[in-house]
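Each chain, written out:
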Amino acid sequence: MKIVLAFSGGLDTSFAVVSFKKKGHEVVTVAVNTGGFSEKEMEKIKKRALDLGAIKHYGIDCQKEFFETLISKIVQANAVYDGKYPLLCADRYIIAEKVVEIAKKEKAQAVAHGSTAMGNDQIRFDSAFGSLA
């Protein structure tokens, strides 16, 4: 089975590549930059993915899109969580959207992420993948 994995290069997503490969799956990784990575860091992420056994890697720069479609609107709306935190985890939805686009392009049978049970990122990814894929 071909799996497209939202890949940050951290421990969880690195483990996922190795684990999926051990189970006989082909893994395509996707790193989506919404503003947290330099070009040099994106190159390191790509190298890590391929060194771990990904058959292909996509690095997608979505900084401008993220700002225009979400951040500017969050600021304009003064949208905060619990009365004090900006709703900045909204980038998970753009990441999920790009992963699904690549999965369709690659004719993959599954999409995945490495978010753990800490926080709500796994819910953001799962709900976005469920609605888009």
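Per chain, residues are indexed from 1 in the order of the written sequence. With pLDDT at 70 or above as the cut-off, local features in this predicted model cover only qualifying residues; side-chain atom pairs require 80 or more to be listed or tallied, and sums for whole chains, interfaces and linings still use all residues. As a convention, hydrogens and water are excluded, and side-chain values are obtained from all of the structure's heavy atoms.

A. Up close: the packing of helix α1 (residues 11-22) against helix α2 (residues 39-52). Geometry is summarised by axes, namely lines fitted to C-alpha atoms with helices restricted to the contacting stretch, and by angles between N-to-C directions that run from 0 to 180 degrees. Numbering of helices and strands starts at the N terminus; helices are DSSP runs of H or I of at least 4 residues and strands are runs of E of at least 2. Where α1 meets α2, the axes come as close as 9 Å, and the angle between the chain directions of the two elements is 25°. Taken together, the axes of α1 and α2 are roughly parallel relative to one another. For the pair α1 and α2, the crossing hand works out as right-handed. Contacts from Ser14, Val17 and Val18 of α1 reach α2 at Arg48, Ala49 and Leu52. In this classification, the charged set is Asp, Glu, Lys and Arg, the nonpolar set is Ala, Val, Leu, Ile, Met, Phe, Trp, Tyr, Cys and Pro, and all remaining amino acids, among them Gly, are polar. Split by residue class, the contact of α1 with α2 holds four nonpolar, one polar and one charged. For classification, angles of less than 35 degrees are called roughly parallel, those exceeding 145 degrees roughly antiparallel, those between 65 and 115 degrees roughly perpendicular, and all remaining angles oblique. Note: crossing handedness is left-handed where the near helix turns anticlockwise from the far helix by less than a right angle, and right-handed where it turns clockwise. Note on contacts: a residue pair is in contact if any heavy atoms of the two residues lie within 4.5 Å.

B. Examining the nonpolar core more closely. Here, the term nonpolar core denotes a set of buried Ala, Val, Leu, Ile, Met, Phe, Trp, Tyr and Cys residues that are joined through side-chain atoms within 4.5 Å. Burial classification: accessible surface area is computed with a 1.4 Å probe over protein chains only, and a residue below 20% of its type maximum counts as buried, one above 50% as exposed, and the rest as partly exposed. By size, the foremost hydrophobic cluster in this structure holds 19 residues, and its most contacted members are Val4, Val30, Val99 and Ile102. When contributions to this core are tallied by element, the ones reaching two or more residues are β1 (2-6), β2 (26-33), β3 (56-61), α4 (91-106) and α5 (121-132). With 12 residues, the next largest nonpolar core counts Ile3, Ala16, Ile45 and Ala112 among its residues.

C. Structural context of the packing of aromatic side chains. Centres within 6.5 Å make a pair out of two Phe, Tyr or Trp rings, where for Trp the six-membered ring is used; the pair is then stacked when the planes are under 30 degrees apart, edge-to-face when over 60, and tilted otherwise. Scanning the entire structure with this criterion turns up one aromatic pair. With a centroid separation of 5.9 Å and an interplanar angle of 35°, the aromatic rings of Phe125 and Phe129 are classed as tilted. Taken together, the positions of Phe125 and Phe129, both in helix α5 and four residues apart, correspond to about one turn of that helix. Here Phe125 matches Phe129 in class, with each residue buried.

D. Structural detail: the side chain of Thr29. Looking at where Thr29 falls in the secondary structure, it is placed in strand β2. A polar contact of 2.6 Å, which involves the side chain of Thr29, links it to the side chain of His57. Beyond its immediate stretch of four places on either side in the chain, Thr29 contacts Leu5, Phe7, Val17, Ala49, Ala54, Lys56, His57 and Tyr58. Whenever two N or O atoms come within 3.5 Å, that pair is a polar contact, provided that in protein one can donate a hydrogen and the other can accept it, and provided that, for residues adjacent in sequence, both atoms are side-chain atoms.

E. Main features of the pattern of salt bridges. Criterion for a salt bridge: a side-chain nitrogen of Lys or Arg within 4 Å of a carboxyl oxygen of Asp or Glu. Evaluation of the coordinates by the stated rule reveals four salt bridges. For the salt bridge of Lys56 with Glu106, the shortest nitrogen-to-oxygen distance reads 2.9 Å. Of this pair, Lys56 sits in strand β3 while Glu106 is found in helix α4, placing the two residues 50 residues apart along the sequence. Of the charged contacts, one joins Lys98 and Glu101 as a salt bridge, the two residues approaching to 3.8 Å between their closest N and O atoms. Of this pair, Lys98 and Glu101 both sit in helix α4, three residues apart, roughly one helical turn.

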